[in-house]
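Now for the letters of each chain:
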Amino acid sequence: MAHIDSGKTTLTESILHTSSYLVAPGSVDTGSTTTDFLPAERERGITIQSASIPVKWKDWTFNLIDTPGHVDFGMEVESASRVVDGAVVLLDAVEGVEGQTKGVWRQLDRHSVPTRMIFLNKLDRPGASVHNSISSILNHRLHPNPLILTLPIASFDSTRYKTGEPGLEGIVDLVNWELWRWHGSRESTHAPAEKVERVLLPKTEEELKASELFSSDHPIVPELLQARQGLIDNLSVLSPDLMDAFVELPETPSPYLALPTQTLMSSLRQLTLDRAVLPVVCGAALKHVGTDILMDFVGNLLASPIDVANASSSTAIGSKKKTAIKKPAQLQMLAWKVSWDKRKGWMTFVRVYSGILQGQSGLLNTTSNQRERASKVMLLYANQPEEVQTLSFGSVGVVLGLKHTRTGDTLTSLNAGSSSDATLRSIVPPPAVISASVVPHSQADVQPVQEALAALSRTDPSVRVTEDAEEGQTLVHGLGALHLEIVEGRLKDEWGVKVQFGKRRVSYRENFGYEGEEGIETRSRWEKDLGGKRASATVEMTVSALSGDALKGEDANKQAVDSWGGNLVSIAEKDGEEPETFPSPESTSFNHSLYPSTSPITAVLQGVLGALSSSPHTMLPLSHLDIAVKSFELDAGSPPTTLTAAAGDALRQALSQAGPGRVMEPYLKVKVDVGEEGVGKVVRDLTEHGGEILDLAEGANVSGGEEEVGPYSSDGIYLPPKWVTPASASLEAKSGGASFKRSVRAVAPLAKMLDYSSRLRAVSGGQATFEMSVEGFRPVSDARRMEILKEMGRA
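What you see is a predicted model; the values in this text were computed from it and never measured.

Calculation criteria
- Residues numbered from 1 in each chain as written.
- Predicted model: local features only at pLDDT ≥ 70, side-chain atom pairs only at ≥ 80, totals over all residues.
- Heavy atoms only, no water.
- Helix = DSSP H or I, 4+ residues; strand = E, 2+ residues; numbered from the N terminus.
- Buried < 20%, exposed > 50% of the residue type's maximum accessible area, 1.4 Å probe, protein only.
- Contact = heavy atoms within 4.5 Å.
- Areas by Shrake-Rupley, 256 points an atom, 1.4 Å probe, with all protein chains shown as cover.
- Axes fitted to C-alpha atoms, helices over the stretch in contact; angles between N-to-C directions.
- Parallel < 35°, antiparallel > 145°, perpendicular 65-115°, else oblique.
- Nonpolar A, V, L, I, M, F, W, Y, C, P; charged D, E, K, R; others polar.
- Phe/Tyr/Trp six-rings, centres within 6.5 Å; stacked < 30°, edge-to-face > 60°.
- Lys NZ or Arg CZ within 6 Å of the ring centre and 35° of its normal.
- Expected span 1.5 Å × (residues − 1).
- Arc of directions from axis to C-beta.
- Pairing = 2+ DSSP bridges.
- Salt bridge = Lys/Arg side-chain N within 4 Å of Asp/Glu carboxyl O.
- pLDDT = per-residue confidence, 0-100.

### Structural notes on the overall build of the chain
Then step 1. Scanning the chain from N- to C-terminus turns up 22 helices and 34 strands.
Then step 2. Here the C-alpha coordinates of the chain stretch approximately 100 × 65 × 55 Å along the principal axes.
Then step 3. Split into buried and exposed, the 795 residues of the chain put 56% on the buried side.
Then step 4. Counted over contacts in the chain with a minimum sequence separation of 6, partners at least 24 positions apart contribute 72%.
Then step 5. Accessible surface computed for the chain: about 33100 Å², of which carbon and sulfur atoms make up 50%.

Here it is in structure tokens:
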């Protein structure tokens, strides 16, 4: 996982090659990689969907998942984050922590991924810096205790450190105290495994300095001792067992080198599982330098399914009932991804959390309370399937034949008995920020297009399809302009329908028009004759503006808010009880087995959902509302739909009393890296298009900590000197200690940034790069409000 262009797919190819799965690795540049097999991925050189491959390495089997880096495909990262037990987050050693690095880190936090490590990639490039990369981890508050486990050797020729030439010829493993040397890594694009030399380092300082491994004047030798000491000191402070083992060592000239590797590794693993430290390893994936070491540390340090087995089950959002798997052998698995294949049909990717899945077995979808049958069970090596008889505990595989299962659903065996309602925590898709009209080529294409859209939205839950009754159009909503472009291509290529997307339109919102803390209380008594019988229901609720705190964080309430498009909905199931937060009944996290469509709770939620879809003032969807249903009553003999009507009417009453709210539009965080001479033009272009400049930072990866809180302290953290990666030190010296580039950070409205790539190319002469991430919705000025409503034909 990483920011775009950090080398995730290249590292995946290197892992597959190093583990002997591939004889010759592919390349992103030539479109020949194993995991980027879609035509659009190979054409564009980017990863669009996550791909899973079982990898065997020594005594371990890894379920390797390669994920996209582009924010437009955040749903793929979201679903993968939900099922992994450990994550390798890549940093481009030239850039350090970038915008989507922090986005990915928040996703891992949201799903409580228990173990993580950092892989500093591209250390052979000019400008790469271990020092600056570790500093960026602290500045951006990824972790307070990054721990360097390996140190790069730019060259075994000490003169190259003086001339500042880039390179990566070797790596010292500080834990196992051994040297890895890649012969020919400087000259060749790929370093074959047979050219790797692995040597144990001497156990005393005198022997190390006298060793023929390094020249007598090589500057890295004393630094290796400092790095090893920093590693053990840092771990000893956190691990009493390691401290005791270190103190009990017999007297020796070099006690830091005498500590047994197994003792050190044991403490390091436990602290990694406790998330007390963040392991950092170095390498260059394109040249296969450091891949072996990374895989060893992944096997030794990251959590296995056994480590997290007791923490995998949780109650679904919106359910008071505590559920758990009581029988260890009972099958329970989560569907984390669904795809469509023209020959195989629906392919459901699952992670088995307990029990064993057999082929041709009956299953119960406890999320939707529907029965399914697994016709085939497979392991998938990117796009190459291998049929197997079973999937065991901890496995990631593919099930064929599931007709109703969607991303985030829980599946158990049909004979699970009393615990069959156990539901794993689901996966909530990110909210859409952009939409486009769907235009079939002819009337005959309307039905095939609708069916293709329904199928595609099942494979990608971040794609939403709605009907605009006022304009008589079908709208498709996505996470960005590139996302919609890919969706349009998939409809044509994978489903073969004749369709075009209209002009991209940003998804605007309206907030609540009353800002008083007490909110507005309403009561609706709905009565209607249905089939000659009187149906009636009553709903009472309080509606207020949602505070900003509820829109932050990563807890269950935040997931529920996201499922409602930025609203919080709670219901008191009985009079006098505190209202309980519920997700949207259309979200994958809603517990349909506990609250079926006939449930009064579901009926009330459906009424709220309908009223939120269109404001009575602007007809825009509503957001930032806090809706608390205090009581509801369905008269005897009345259908649940009566409650739906009453709830919708009560909410519309509150909206009418509150008056028009402020129109909100989505904003983006923008970071532009540009030369000093182009800063003025970039700033002017951003401000002319509604952007707000936050800062003008020097350098690519040193500055840029969080805005609200300061960076983590570097006290007690081992930071290698800058000369350890000599190319970065020489570049800094040539520029007088200042960066040759500036980073312009800003926030800007999404509507004004749809064509930013071509605009930036024009103002910078093609010499600038940029990255974007979602900032959220912001209220607009009165002038901008009228502009938006006129644009939509509603003013």
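### Section: the environment of S584
Then step 1. On the secondary structure map, S584 appears in the loop between β29 (580-581) and α17 (600-612).
Then step 2. Residue S584 is classed as buried on the basis of its relative accessible area, which comes to 2%.
Then step 3. Along the primary structure S584 and G565 are separated by 19 residues, whereas in three dimensions their C-alpha atoms are 9.1 Å apart.
Then step 4. Setting aside residues no more than four positions away along its own chain, S584 makes contact with S563, W564, F590 and L609.

### Describing the packing of helix α11 (residues 261-273) against helix α12 (residues 291-301)
Then step 1. Packing of α11 against α12 leaves a shortest axis separation of 9 Å and a crossing angle of 70°. One element, α11, and the other, α12, form an angle in the roughly perpendicular class. Residues M265, L268, R269, T272 and L273 of α11 touch α12, and the partners they reach there are F297, N300 and L301.
Then step 2. Its residues assigned to classes, the contact of α11 with α12 comprises 5 nonpolar, 2 polar and 1 charged.

### Examining the packing of aromatic side chains
Then step 1. Under the defined criterion, the tally for this structure stands at 11 aromatic pairs.
Then step 2. Taking the centre distance of 6.2 Å and the plane angle of 20° together, the rings of W60 and F62 count as stacked.
Then step 3. By way of ring pairs, the aromatic residues F582, F590 and Y595 are connected into one cluster.
Then step 4. Sitting above the plane of the W105 ring, R116 keeps its charged end 4.9 Å from the centroid.
Then step 5. The ring centre of Y712 lies 4.2 Å from the NZ or CZ of R141, which sits over that ring.

### A look at α11
Then step 1. Across its 13 residues, α11 extends 18 Å between first and last C-alpha, which sits within 8% of the 18 Å expected from 1.5 Å per residue.
Then step 2. Inspection of α11 places L264, M265, S267, L268, L271 and T272 among the buried residues, and these make up the whole buried set. Projected down its long axis, α11 carries its buried residues within an arc of 165°, all on one side.
Then step 3. In this structure, the buried residues of α11 make contact with β4 (115-121), β5 (146-148), α8 (220-238), α9 (240-247), β10 (278-282) and α12.
Then step 4. With its phi angle positive at about 60°, R275 sits one or two positions after the end of α11.

### Notes on unusual backbone geometry
Then step 1. Not every positive phi belongs to a glycine, and S112 is a case in point at roughly 50°.
Then step 2. Tracing the backbone shows S112 in the loop between α4 (99-110) and β4.

### Brief notes about the sheet that holds β4
Then step 1. If you walk across this open sheet you meet the 4 strands as β3-β4-β10-β5, and the pairing is parallel. Every other strand in the sheet has two partners, leaving β3 (86-92) and β5 as the edge strands with one partner each. Pairs of neighbouring strands in the sheet enclose a mean axial angle of 30°, with direction left out of account.
Then step 2. Each of β3, β4, β5 and β10 is contacted by helix α5 (residues 130-139), which is oriented at about 160° to β5, the strand it contacts most.

### Here's the deal with the pattern of salt bridges
Then step 1. Taken as a whole and assessed by the stated rule, the structure comprises 32 salt bridges.
Then step 2. A salt bridge links R116 to D109, with the shortest nitrogen-to-oxygen separation between them at 2.9 Å.
Then step 3. One continuous salt-bridge network, built from bridges that share partners, spans R525, E527, D529, R534 and D635.

### Observations regarding helix α14 (residues 446-459)
Then step 1. Here α14 spans 20 Å end to end across 14 residues, near enough to the 20 Å set by a 1.5 Å rise per residue.
Then step 2. The set of residues buried in α14 consists of V449, A452, L453, A455, L456, S457, R458 and T459.

### Let's talk about the confidence of the model for the chain
Then step 1. With 90% of its residues at a pLDDT of 70 or more, the chain shows a mean pLDDT of 85.
Then step 2. Of all secondary-structure elements in the chain, the lowest mean pLDDT belongs to helix α20 (residues 726-734), at 60, while β10 reaches the highest, 97.
Then step 3. Between residues 187-194, whose pLDDT stays under 50, and residues either more than four places distant or in other chains, the model counts 11 contacts.
Then step 4. Within the model, the stretch residues 700-708 combines pLDDT values under 50 with 28 contacts to residues more than four positions away or in other chains.

### With respect to the environment of G290
Then step 1. Along the chain, G290 falls in the loop between β10 and α12.
Then step 2. Taking the relative accessible area as the measure of exposure, G290 reaches 1% and is therefore buried.
Then step 3. Linking G290 and V463, residues 173 residues apart in sequence, is a C-alpha distance of 38 Å.
Then step 4. What G290 contacts, discounting residues up to four positions off in sequence, is F119, I171, W182, C282 and G283.

### A short note on the sheet that holds strand β7 (residues 170-173)
Then step 1. The sheet built from 4 strands is open, its strands ordered β6-β7-β8-β9 with antiparallel pairing. Strands with a single pairing partner mark the edges of an open sheet, and in this sheet they are β6 (150-153) and β9 (196-200). Between one strand axis and the next, the sheet turns by 20° as a mean value, whatever way the strands run.
Then step 2. Bridge count between β7 and strand β8 (residues 178-182): 4 bridges; the pairing is antiparallel. Along β8, the bridge assignment pairs V172 with L179.
Then step 3. Of the strands in this sheet, β6, β7, β8 and β9 are in contact with α12, which crosses β8 at around 140°.

### Some thoughts on the packing of helix α1 (residues 8-18) against α12
Then step 1. Running from amino to carboxyl end, α1 crosses α12 at an angle of 85°, the nearest separation of the two axes being 10 Å. Regarding the angle of α1 to α12, the classification is roughly perpendicular. Residues L11, S14, I15 and T18 of α1 pack against T291, D292, L294 and M295 of α12.
Then step 2. Partitioned by chemical class, the residues of the contact of α1 with α12 number 4 nonpolar, 3 polar and 1 charged.

### Points about the pairing of strand β26 (residues 520-530)
Then step 1. As paired strands, β26 and strand β27 (residues 533-545) are joined by 11 bridges and run antiparallel to one another. By the bridge assignment, I520 is partnered in β27 with V543.

### Digging into the environment of M664
Then step 1. Its place among the elements puts M664 in strand β31 (residues 663-675).
Then step 2. Non-local contacts of M664, meaning those with residues more than four positions away in its chain, are made with Y508, R509, E510, N511, S623, H624, F777, R778 and P779.

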